[in-house]
Structures are given as C-alpha cells and as structure tokens.
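Spelled out from the first residue to the last, the chains are:
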Amino acid sequence: MEFTEAYKHTGPCCFSPNARYIAAAADYRLVIRDTLSFKVVQLFSCLDKISYIEWALDSEYILCGLHKRPMIQAWSLTQPEWTCKIDEGPAGIAYARWSPDSRHILTTSEFQLRLTVWSLVNTACVHVQWPKHASKGVSFTKDGKFAAICTRRDCKDYINLLSCHNWEIMGVFAVDTLDMTDIQWSPDDSAIVIWDSSLEYKVLIYSPDGRCLFKYQAYESGLGVKSVSWSPCGQFLAVGSYDQMLRVLNHLTWKTFAEFMHLSTVRAPCSAAVFKEVDEPLQLDMSELCLDDDFMGGSDAQEGHFKVRYEVMEVPITLPFQKPPVDKPNPKQGIGLLSWSNDSQYICTRNDSMPTALWIWDIRHLELAAILVQKDPIRAAAWDPICTRLVLCTGSSHLYMWTPSGAYCVNNPLPQFSVTDLKWNSDGSCLLLKDKESFCCAAVPLLPESSDYSSDE
C-alpha cells in the first residue's frame, strides 16, 4: 500500500460519490482536492467553522453545515461563482441532507418543528411538520423517486411518503411503535423497515401503501434493538440486539433463519479462524555500536516502536469482556457495529461489551468465519465496495485487513498518525484515514482472485 502525506483538517472530510474528489473542512474553509494528484482544485470560504459536509450524489454540489450560526452553505464545483445560503431564522437548522436528484436540500429545524425541502432550481420550498428526528428518520428509495419521513404528532408515530418529483405527500400512515428510532427502505424499494426505541423490542416491516407485512419481537422485558441493516442484495435483514445476539431475517417470509451468539468464550467445535494482534519489538543488532547511557535511555524500544502481526490462536479462547455498570444509561453492550460485505455473503459485528473483538459471519454457510482480537477497542470497520475485503482501525498507527484467505496488519509510515476513522472511495481503490487533526489517503491494490495473504504479513 502507498500512503500520501498528511493534510490538516478540523472536522469532516469525505470522498465525492464519483471518487474523483476529496473534501476536507479546515476551520471555515472547505478544501477540495483531486484524489489522484491531491492538488487543490477548489477552495471555498464559509461564514463560520464547518460542522459537517455532504456531497450531492452527482458530485457537482456540496453543502456545509455551520452549527454556530446556524445555517447551510452550498457550493458548486463546476460554477465556483455560484453560492447558496439557507437560513431558517429563529427556527434554526439542526441537520441538512441532499435529495437523490442533487437539486434539493432537506433541512430539519431545531426542536424538530418542521422539515423543509429547498429547491436549487426555482427557489421553491415545501414544509413537512413535526419530523421525528433531526439526522435520522428520512430514507429515500434506491431509484430516488420517493422519500419516507418519520413524523410524530399527538404522541403517535407516522410515516409520510413524498414524491421526490414534485414533493407532494403521496400518503401518510400511523405505525405501531412507542418511540420510533429510524427507518430504512429495502434495496429493492418493495418494503420499509422501522424499529422501536431500545426500551421496546419491535421491528416492523411495512409495504409502501401502509400495510404491516410483519412484526418481529425476539423477546420482551429487556433492552431491545440496537442496530439494523439490509443486505445489499435485499434478501436479508440483520438485527443486532442488546442481548448480544445477531438475528437475520429473510425477505420472503420475514422469518428468522439465523441467530448468532457473541459469547466471551469460544469453544470447539468451531471452524472459525481466530486472529489475535500481538507485538513484535523491532530487532536491532546494536552489538557493534558504542552509545552513551543518555542516548540509550531514549531508545526506540522504550518509546514503543513495535511491529504488530496477527497470531492464529487455538480454541478454546476467552475474549476480553467488560461488564457494563447497572446504574448508568445506554450500557455498552449489544451489537453496536453491524456491516454487510458488498456480495452479502459476510457480515461483521462488534459486541460493545467486547470492544476489542470483531466477529465475521458467513451467511452462506451460517457459521462463524473469523474473529479478529485487537489490542485496543475497534473504532471503525468498513468493507471494500468492490471485493470481499474488510478494513478496520483501533486508534493505533496500524490498519488491519481481513479477506477469506486470511488477515494481516499494515503499518502507516506517517509519524504520530493514529487512525481513528476510515472510509473507502466508491471504486475501492483508495482509503481515507483520519487522525484527530489530519488525514491521509492510502492506495489499495486490487485483490487478486485467490489471495495468498498470510497472518504475519
């Protein structure tokens, strides 16, 4: 892998959907770089510090959220002189997002008073009263023709269906939830999944015309759903729960066909490969060097310059487990991280009470494929959008990768760079790696048909 130099950022940074550009916020400036040459192609100045950014799907426009104002500014890459500023006045702006056609911006006011659709074509705007959430509760169909928006009035949750062509309300129906958490269209646009708050285990599947297709409740009297995700193929729905189990439903009968437990002790029979990150101090031959005591006191070995590698462990093995305190809300337990591979064959999970372990499940064979045991808690994990390859980071200077052929560690050569977050670009050729105040990119080689990576590379 080849790494670029580090560039400064003070907040969000992300690839454009067409993978040609990378945008980074540096205080009040928005810097747009070319992903191949990393030269600055555009530089925009906002009115205040940038809190978040989002690209339009056509990669021609980009919006910046300014929380301190609060307002939204949008910019055009093809017309740098064009500017757009959205200010809701006293209502404020809690969040903003693009519509699929890249010509409308949806803003949610403070206290969820209303959601407003702003047109960049004719300056018209449409209001939806009482949106349920600021940054959640809005989902678009894959073809971009319809939007489902969660609303709440008179102590009851509703789904508003809007046409993205003229933003007219196509229908409104009530849903059987106490406090709806979020909503997602299925990848084939045939169904909508919603789920209740963590206090009530309830997953509901609705058709676009408001019929409840299935109600799923795995148990009662306990904290419920923590994460939900459709598989890219649309045939499976994964539900992660606070009881530390992953359940997978099929799209034909909506019945559960797989239940995966995350136990702190892994015992036989288990065909999964267990990879554990271990340190290897750098072996330096200093027998012929004459160094004084002061120099030896600051040697690399004492500063913690280690090479890391994966060691394949034998079962049974006990994973590091943290019991959450019973007197604090939002306990760190349950499936907090849940992500499908691009081919829907694998799914990776992290049980938050075992934050240093990443579980990889094989959906085709309904079994555990691998466990990656890290030294530090896992910060982020992301699948390659093109092939079956998983990359994760733990806040150290290393990257960790897994393929069906094995797992391996990659050292970041940049000094004092800790990888706290990562993102793939859309063509799978490049990784964006974030530190607290800087970012870099890594060119990732294409994965051969049969990978020969070993665990100690």
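Residues numbered from 1 in each chain as written. Predicted model: local features only at pLDDT ≥ 70, side-chain atom pairs only at ≥ 80, totals over all residues. Heavy atoms only, no water.

Undergrad: Just give me the short version of the overall build of the protein, but keep the residues and values in it.
TA: On a plain count of helices and strands, the protein comes out with 1 helix and 41 strands. The globule rule puts the C-alpha radius of gyration for 457 residues at 23 Å, and the 24 Å found for the protein is close to it. Projected onto its principal axes, the C-alpha positions of the protein cover 80 × 55 × 50 Å. Counting the 457 residues in the protein, one finds 53% classified as buried. (Helix = DSSP H or I, 4+ residues; strand = E, 2+ residues; numbered from the N terminus. Rg over C-alpha atoms; globule rule 2.2 N^0.38 Å. Buried < 20%, exposed > 50% of the residue type's maximum accessible area, 1.4 Å probe, protein only.)

Undergrad: I'd like a rundown of the nonpolar core, residues and numbers included.
TA: Membership of the largest hydrophobic core comes to 23 residues, with the highest contact counts inside it found for Leu246, Val248, Leu319, Ile347, Trp359 and Ile371. Excluding residues within four positions of it along the chain, Ile371 makes contact with Val266, Ala273, Val274, Phe275, Leu319, Ala357, Leu358 and Trp359. (Core = buried A, V, L, I, M, F, W, Y, C linked by side-chain atoms within 4.5 Å. Contact = heavy atoms within 4.5 Å.)

Undergrad: Hey, could you go over the pattern of salt bridges for me, with residue numbers and the actual values?
TA: Per the counting criterion, the structure on display carries 18 salt bridges. We note a salt bridge from Asp179 to Lys132, for which the minimum N-O separation is 2.6 Å. Placement of the pair is Asp179 in the loop between strand S18 (169-174) and strand S19 (182-185) and Lys132 in the loop between strand S14 (125-129) and strand S15 (138-140), with a sequence separation of 47 residues. We classify Asp179 as partly exposed; its relative accessible area is 35%. According to the relative accessible area criterion, Lys132 is buried, its value standing at 11%. Among the ionic pairs, Lys375 bridges to Asp279, the shortest N-O distance being 2.7 Å. One end of the pair, Lys375, is in the loop between strand S34 (367-373) and strand S35 (380-383); the other, Asp279, is in strand S28 (residues 273-281), and 96 residues separate them in sequence. On the basis of relative accessible area, Lys375 is assigned to the partly exposed category, the value being 41%. (Salt bridge = Lys/Arg side-chain N within 4 Å of Asp/Glu carboxyl O.)

Undergrad: Go over the side chain of Ser102, please, and point to the residues and values.
TA: Looking at the secondary structure, you find Ser102 in the loop between strand S11 (95-98) and strand S12 (104-108). Ser102 has contacts with Ala56, Leu57, Asp58, Tyr61 and Leu120, leaving out every residue within four places of it along the chain.

Undergrad: Describe a nonpolar patch on the surface, with residues and values.
TA: Taken together, Phe111, Leu113 and Trp130 make up a surface patch of nonpolar side chains, about 370 Å² in accessible area. Take Trp130: its relative accessible area is 43%, and that puts it in the partly exposed class. (Patch = residues over 30% accessible without salt bridge, like charges linked within 9 Å, V, L, I, M, F, W, Y side chains within 5 Å. Areas by Shrake-Rupley, 256 points an atom, 1.4 Å probe, with all protein chains shown as cover.)

Undergrad: Describe unusual backbone geometry, listing the residues and the values that go with them.
TA: Following Arg69, the chain continues into Pro70 via a peptide bond in cis, with omega recorded as -10°. For Pro70, the position within the fold is in the loop between strand S8 (61-66) and strand S9 (71-76). Here the bond from Val315 into Pro316 is cis, since omega is 5°, no more than 30 degrees from zero. In this fold, Pro316 is placed in the loop between strand S29 (306-313) and strand S30 (317-318). The phi angle at Ala19 is positive, at roughly 70°, despite the residue not being glycine. Tracing the backbone shows Ala19 in the loop between strand S3 (13-15) and strand S4 (21-26).

Undergrad: A description of the packing of aromatic side chains should follow, citing residues and the corresponding values.
TA: Within this structure, the stated rule accounts for 20 aromatic pairs. Ring centres of Trp383 and Trp402 lie 6.1 Å apart, and the angle between their planes is 85°; this geometry places the pair in the edge-to-face category. Of this pair, Trp383 sits in strand S35 while Trp402 is found in strand S37 (residues 398-403), placing the two residues 19 residues apart along the sequence. Across the pair, exposure class does not vary: Trp383 and Trp402 are buried alike. (Phe/Tyr/Trp six-rings, centres within 6.5 Å; stacked < 30°, edge-to-face > 60°.)

Undergrad: I'd like a description of the pairing of strand S41 (residues 438-443), backed by residues and values.
TA: For S41, a buried count of 5 out of 6 residues is recorded, marking the element as mostly surrounded by other parts of the structure. When strand S1 (residues 2-3) meets S41, the two strands line up antiparallel, connected through 2 bridges. Note that in S41 the partner of Phe3 across the bridge is Ala442. Taken together, the 2 bridges between strand S2 (residues 7-8) and S41 define a ladder with antiparallel strand orientation. Across the sheet, Lys8 pairs through a bridge with Ser438, a residue of S41. Here strand S40 (residues 430-434) runs beside S41; their pairing, made up of 5 bridges, is antiparallel. Each residue of the ladder has a partner; that of Leu432, found in S41, is Cys441. Between S40 and S41, which pair antiparallel in sequence order, lie 3 residues. (Pairing = 2+ DSSP bridges.)

Undergrad: Please set out the environment of Val312 residue by residue, giving values where relevant.
TA: Within the secondary structure layout, Val312 lies in strand S29. Exposure remark for Val312: the relative accessible area of 46% places this residue in the partly exposed category. For the pair formed by Val312 and Phe417, sequence separation is 105 residues and the distance between their alpha carbons is 27 Å.

Undergrad: Can you lay out the sheet that holds strand S10 (residues 83-86) for me, pointing to particular residues and giving the numbers?
TA: Sheet architecture is open: 4 strands sit in the order S7-S8-S9-S10, paired in antiparallel fashion. Looking at strand neighbours, the two that pair on one side only are strand S7 (52-55) and S10, the edges of this open sheet. Across this sheet, the average inter-strand angle for adjacent strands is 20°, counted without regard to direction. When S7 meets S8, the two strands line up antiparallel, connected through 4 bridges. Bridge assignment links Trp55 to a residue of S8, and that residue is Ile62. (Axes fitted to C-alpha atoms, helices over the stretch in contact; angles between N-to-C directions.)

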